[in-house]
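Spelled out from the first residue to the last, the chains are:
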Amino acid sequence: MVMATDRADAMRADSLAREIFSDIANKWALLIVEAIGDDTLRFTELRKEVDGISHKMLTQNLRLLERNGLVERTVHPTVPPRVEYTLTEPGRALRATVGAMCDWTHRHLDAIEEARRRFGAV
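Residues numbered from 1 in each chain as written. Predicted model: local features only at pLDDT ≥ 70, side-chain atom pairs only at ≥ 80, totals over all residues. Heavy atoms only, no water.

Moving on to the overall build of the protein. The helix and strand inventory of the protein stands at six helices and three strands. Each helix and strand of the protein, ordered N terminal to C terminal, gives the series α-α-β-α-α-β-β-α-α. With respect to the principal axes defined by its C-alpha atoms, the protein has extents near 55 × 50 × 25 Å. Counting every position in the protein, which comprises 122 residues, the buried fraction comes to 25%. At a minimum sequence separation of 6, the contacts of the protein that also span at least 24 residues come to 45%. Accessible surface for the protein amounts to roughly 8,900 Å². Of this, 57% is attributable to carbon and sulfur atoms. (Helix = DSSP H or I, 4+ residues; strand = E, 2+ residues; numbered from the N terminus. Buried < 20%, exposed > 50% of the residue type's maximum accessible area, 1.4 Å probe, protein only. Contact = heavy atoms within 4.5 Å. Areas by Shrake-Rupley, 256 points an atom, 1.4 Å probe, with all protein chains shown as cover.)

Their axes nearest at 10 Å, the elements helix H2 (residues 27–36) and helix H4 (residues 55–67) cross at an angle of 75°. Regarding the angle of H2 to H4, the classification is roughly perpendicular. Packed against H2, whose contacting residues are Trp28, Ala29, Ile32 and Val33, the element H4 presents Met57, Leu58, Asn61, Leu62 and Leu65 at the interface. For the contact of H2 with H4, the residue count by class is eight nonpolar, one polar and no charged. (Axes fitted to C-alpha atoms, helices over the stretch in contact; angles between N-to-C directions. Parallel < 35°, antiparallel > 145°, perpendicular 65-115°, else oblique. Nonpolar A, V, L, I, M, F, W, Y, C, P; charged D, E, K, R; others polar.)

This brings us to the nonpolar core. Counting 22 residues, the largest nonpolar core has Ile32, Leu46, Leu62, Leu65 and Tyr85 as its most contacted members. Counting only elements with at least two residues in this core, the list comes to H2, helix H3 (43–49), H4, strand E3 (82–87) and helix H5 (89–107). If one sorts the elements of this core by residue count, H2 sits on top with six residues. When sequence neighbours within four positions are dropped, the list of residues in contact with Leu65 reads Ile24, Ala29, Ile32, Val33, Leu70 and Val71. (Core = buried A, V, L, I, M, F, W, Y, C linked by side-chain atoms within 4.5 Å.)

All quantities given are derived from atomic positions and should not be read as evidence of function.
Take a look at the structure:
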């Protein structure tokens, strides 16, 4: 028998998962995660690594990633302040998951392209 608290916890977890997926399921967030990788990068370094991203989009996505505990922002008390970004453990796990998705795409590329050709969408 499922208790009401278990059901409420599951619903809360599902809701949180949808919110997090909404935050990270955009090209910029995933490119930022990949760009940071195992490194610690400053804002300007990140902007150079993520081709085509605007200052505003980088700022917004870094805030979302930080809010979700995927990126850690460190401010060094210098003049001007030096701000660095690094992936947290959950951020590194997300990067590994995205890497697995890319591997999946490579393994199934021929089948995906054939299906898209059938629909005229290549």
